[in-house]
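Architecture and fold: a report
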Amino acid sequence: MTVFIFLGSLLGAMALGIPIAYALLASGVALMWHLDLFDAQILAQNLINGADSFPLLAVPFFMLAGEIMNVGGLSQRIVNFALALVGHVKGGLGYVVILAACLLSALSGSAVADAAALTALLLPMMIKAGHDKRVSGGLIAASGVIGPIIPPSIGFVIFGVAANVSISKLFIAGIVPGIMIGLALALTWWWVGRKEALVLPQRKTRAEILMAARESLWALMLPVFILVGLRMGVFTPTEAAVVAAVYALFVSTVVYRELKLQALVRIFVTAARTTAVVMFLVASAMVSAWLITVANLPTQVVDLLRPLLDNQTLLLIAIMLLVMLVGTAMDMTPTILILTPVLMPLIKAAGIDPVYFGVLFIINNSIGLVTPPVGTILNVVAGVGRMKMDEVTRGVLPFMVAQFAMLFVMVLFPQTVLVPLRWFY
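The structure displayed is predicted, hence computed values, not measured ones. (Residues numbered from 1 in each chain as written. Predicted model: local features only at pLDDT ≥ 70, side-chain atom pairs only at ≥ 80, totals over all residues. Heavy atoms only, no water.)

**Some points on the overall build of the protein**
Stated precisely, the cut-off is as follows: Helix and strand assignments come from DSSP, with helices taken as H or I runs of at least 4 residues and strands as E runs of at least 2, each series counted from the N terminus. Note on method: radius of gyration uses C-alpha positions; expected globular size equals 2.2 Å times residues raised to 0.38. We call a residue buried when its accessible area falls under 20% of the maximum for its residue type, exposed when it is over 50%, and partly exposed in between, using a 1.4 Å probe and counting protein chains only. Here, residues are in contact when the closest pair of their heavy atoms is within 4.5 Å. Accessibility throughout is a Shrake-Rupley quantity obtained with a 1.4 Å probe, and a residue counts as covered only by protein chains that appear here. Counted as positive: Lys and Arg. Counted as negative: Asp and Glu. His and the chain ends are not counted at all. Taken as the charge centre is NZ of Lys, CZ of Arg, CG of Asp or CD of Glu, depending on the residue.
Regarding its fold elements, the protein presents 21 helices and 0 strands. At 21 Å, the protein has a C-alpha radius of gyration in line with the 22 Å of a compact globule built from 425 residues. Once the C-alpha set of the protein is aligned to its principal axes, its extents read approximately 70 × 45 × 45 Å. Buried positions account for 54% of the 425 residues belonging to the protein. Sequence-distant contacts in the protein: of pairs separated by 6 or more residues, those separated by 24 or more amount to 80%. For the protein, the accessible surface area stands at approximately 18,000 Å², while carbon and sulfur atoms represent 67% of it. A distance of 14 Å separates the average location of the 23 positive side-chain charges in the protein from that of its 17 negative side-chain charges.

Structure follows, in structure tokens:
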């Protein structure tokens, strides 16, 4: 009955068009009434405590870093470097999208920011070269999924806070899976576009490649600083976000000199608005998380799936299928915040490494950003690229299937995630 009240109130509020944050609060209030615990003071206290977290400070700074990179020329130089490397081969612009997505994800950690930048910079070039607009938009949308996987990642920060798991270890464990997702996209792009008649760009000379590498060097050094700093204990993930924002600001204003001071106000406002949405979601979800614990819902879920506890692979497959289903109707952040407190006791009871599960969980939620009908990245690509939503949806389907296939490869072979983690720790 408790589960029914929680899910019924949450889904009912969402069906009425109430924003996710307020729907979470409504489900929390419904649970409080059911448990005879309603107290406005408890509600307010949990709401405030939900956002009062030092690790969550990484969210606004990574948001700010992403905005600065897009406006300050770092994203453009990353794309130019990728073009110089692989732009001349058949389908090269598609490989440029994937390579640039991997490099950009190591800078901003925001799927939406990366997808918007890639769409604005590369979609017109792909259309001009003769690529199908629908498939090109689908590839860009699918490549945006890499953003929350390769560190730094806002998704890992939120999951780490909600599950009390090391954010640094999540960052490191996400590197190889992110590259594997990129390789799966490259293989799928080759298969989809192998028969296209294209206008190939001229191969860049060695001097031009070296020039592009030199111009992008300042941008490429940022992920190196972050990973080395985290590994050597120079700074925490939260402090790494501050380093990323300050570094991007310095490079954009002093080195590249493309970011004008008058543009800073707009950048700060945009980053603040996005951060406010995320933080209010986190705060609202913490109210529900507290009540989920009080109502003992995790124990009920563990009892329900107890027959699968002895088989970690079957349990993970069942959980991944559940998250896939939820991802079609809910955005990444609320999915993380709602399901994490319910699933983590189950993961611990089954003896599954929480970092390994966190990587799989975030990958699944990231792919949910391109699953219709609510895919956030699909809306971004359609809006920036001036495409119809159904065109992007049809274009993304083969790439989405490849990503889910790679996810289940990681479920069947945990070493793909755990071995790189052991190299660092």
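From this point, things continue past the structure.
**Quick look at empty space enclosed by the protein**
Over the atoms, a rolled probe matching the size of one water molecule traces out where space is still vacant. Using the following cut-off: A cavity here means a set of points on a 1 Å grid, drawn over the protein atoms and nothing else, where a 1.4 Å probe fits but cannot get out; a pocket is an open set with protein on both sides within 12 Å along at least five of seven lines, and a residue lines either one if it has an atom within 4 Å of a point. Grid points are joined across faces, edges and corners, and a volume is the space filled by probe spheres set on the points. When residues are sorted by character, Ala, Val, Leu, Ile, Met, Phe, Trp, Tyr, Cys and Pro go into the nonpolar class, Asp, Glu, Lys and Arg into the charged class, and all the rest, Gly among them, into the polar class.
For the coordinates displayed, the defined rule picks out 3 cavities of 30 Å³ or more. As a volume, the largest cavity reaches approximately 50 Å³. In this structure, the largest cavity is lined by 10 residues; those nearest its centre are Met330, Asp331, Met332, Gly368 and Leu369. Considered class by class, the residues forming the lining of the largest cavity number 4 nonpolar, 5 polar and 1 charged.

**Re the pattern of salt bridges**
The condition that has to hold: Salt bridge, as used here, is a side-chain nitrogen of Lys or Arg placed within 4 Å of a carboxyl oxygen of Asp or Glu.
Scanning all chains against the criterion turns up 3 salt bridges. In this structure, the salt-bridge partner of Asp132 is Arg134, at a minimum N-O distance of 3.9 Å. Asp132 sits in the partly exposed class, given a relative accessible area of 31%. For Arg134, a relative accessible area of 31% puts it in the partly exposed group. With a closest N to O distance of 3.3 Å, Asp390 and Arg394 form a salt bridge. One end of the pair is Asp390 and the other is Arg394, both in helix α20 (residues 389-412) and 4 residues apart, which spans about a single turn. Since its relative accessible area comes to 40%, Asp390 is described here as partly exposed. The class of Arg394 is partly exposed, set by a relative accessible area of 44%.

**Digging into a nonpolar patch on the surface**
Defined as follows: Patch membership is restricted to residues that have no salt bridge and whose relative accessible area is over 30%. Joining uses 9 Å for like charges and 5 Å for the nonpolar side chains Val, Leu, Ile, Met, Phe, Trp and Tyr.
Together, Leu187, Trp190, Trp191 and Val192 make up a nonpolar patch on the protein surface, roughly 440 Å² of accessible area in all. With respect to the helices and strands, the residue Val192 is situated in helix α11 (residues 175-192). Exposure remark for Val192: the relative accessible area of 32% places this residue in the partly exposed category.

**Let's talk about the nonpolar core**
Quick reminder of the rule: As used in this record, nonpolar core signifies buried Ala, Val, Leu, Ile, Met, Phe, Trp, Tyr and Cys residues forming a set joined through side-chain atoms within 4.5 Å.
By size, the foremost hydrophobic cluster in this structure holds 139 residues, and its most contacted members are Leu118, Phe159, Ile319, Phe357, Val370 and Ile377. Those residues in contact with Leu118 that lie beyond four places of it in its chain are Val79, Val97, Ala100, Ala101, Leu104, Leu123 and Ile140.

**Quick word on helix α4 (residues 58-72)**
The following threshold applies: Residue count minus one, scaled by 1.5 Å, sets the expected span of a helix.
The terminal C-alpha atoms of α4 lie 20 Å apart, and with 15 residues this matches the ideal 21 Å at 1.5 Å per residue to within 8%. Regarding α4, the residues found buried are Ala58, Val59, Phe62, Met63, Leu64, Ala65, Gly66, Ile68, Met69 and Gly72. Positioned one or two residues after α4, Gly73 has a phi angle of 100 degrees, which is positive.

**A short note on the packing of aromatic side chains**
Two aromatic rings, taken as a pair, are described by how far apart their centres are and by the angle between their planes. We apply this condition: In summary, the pairing rule links any two rings of Phe, Tyr or Trp, Trp by its six-membered ring, whose centres are within 6.5 Å, and it sorts them by plane angle into stacked for under 30 degrees, edge-to-face for over 60 and tilted for everything else. Placement of a positive charge over a ring is assigned whenever Lys NZ or Arg CZ falls within 6 Å of the ring centre and within 35 degrees of the normal to the ring plane.
The final tally for this structure, using the stated rule, is 9 aromatic pairs. Summarising the aromatic geometry, the rings of Phe225 and Tyr247 are spaced 5.6 Å apart at their centres and angled 75 degrees between planes, so their arrangement reads as edge-to-face. Of this pair, Phe225 sits in helix α12 (residues 206-231) while Tyr247 sits in helix α13 (residues 237-255), and the two are 22 residues apart along the sequence. Chaining the aromatic ring pairs together yields one cluster made of Trp218, Phe225, Tyr247 and Phe250. Of note, Arg77 hangs over the ring of Tyr256, and the distance from its end group to the ring centre comes to 3.8 Å.

**Some points on the confidence of the model for the protein**
Threshold: The predictor attaches a confidence to each residue, called pLDDT, with possible values from 0 through 100.
Mean pLDDT over the protein works out to 81, with 92% of the residues at or above the 70 mark. Helix α18 (residues 354-367) holds the highest mean pLDDT among the elements of the protein, 92, whereas helix α15 (residues 297-304) holds the lowest, 68.

**Some remarks on the environment of Ala318**
By the secondary structure assignment, Ala318 is in helix α16 (residues 312-327). Taking the C-alpha atoms as reference points, Ala318 and Leu305, separated by 13 residues in sequence, lie 9.3 Å from one another.

**Points about the packing of α16 against helix α17 (residues 332-350)**
Relative orientation and spacing of two packed helices are given, respectively, by the angle between their axes and the distance between those axes. Here is the rule: Axes here refer to lines fitted to C-alpha atoms; in helices the fit is confined to the stretch in contact. Angles between the N-to-C directions go from 0 to 180 degrees. Any angle that is under 35 degrees is reported as roughly parallel, and any over 145 degrees as roughly antiparallel; angles of 65 to 115 degrees are reported as roughly perpendicular and all others as oblique.
In contact at an axis separation of 12 Å, α16 and α17 are set at 170 degrees when each is read in the N-to-C sense. As summarised for this structure, α16 and α17 are arranged roughly antiparallel, according to the angle between their axes. Where α16 abuts α17, its residues Gln312, Leu315, Leu316, Ile319, Val323 and Val326 lie against Thr335, Leu339, Leu343, Leu346, Ile347 and Ala350. Classifying every residue of the contact of α16 with α17 gives 10 nonpolar, 2 polar and no charged.

**A short note on the environment of Ala129**
Residue position: Ala129 is located in the loop between α7 (111-128) and α8 (133-144). Residue Ala129 is classed as buried on the basis of its relative accessible area of 9%. Along the primary structure Ala129 and Gly91 are separated by 38 residues, whereas in three dimensions their C-alpha atoms are 9.3 Å apart.

**Considering the packing of α8 against helix α19 (residues 376-384)**
Formally: Left-handed describes a crossing in which the near helix is turned anticlockwise from the far one by less than a right angle; the clockwise case is right-handed.
Contact geometry for α8 and α19: axes closest at 9 Å, N-to-C directions at 135 degrees. Taken together, the axes of α8 and α19 are oblique relative to one another. Handedness of the α8/α19 crossing: right-handed. Contacts between α8 and α19 pair Gly137, Ile140, Ala141 and Gly144 from the former with Ile377, Leu378 and Val381 from the latter. Partitioning the contact of α8 with α19 into residue classes produces 5 nonpolar, 2 polar and no charged.

**Details of the side chain of Thr340**
By the element assignment, Thr340 lies in helix α17. Residues within four places of Thr340 in sequence aside, it is in contact with Phe159, Ala162, Ala163, Thr335 and Phe361.

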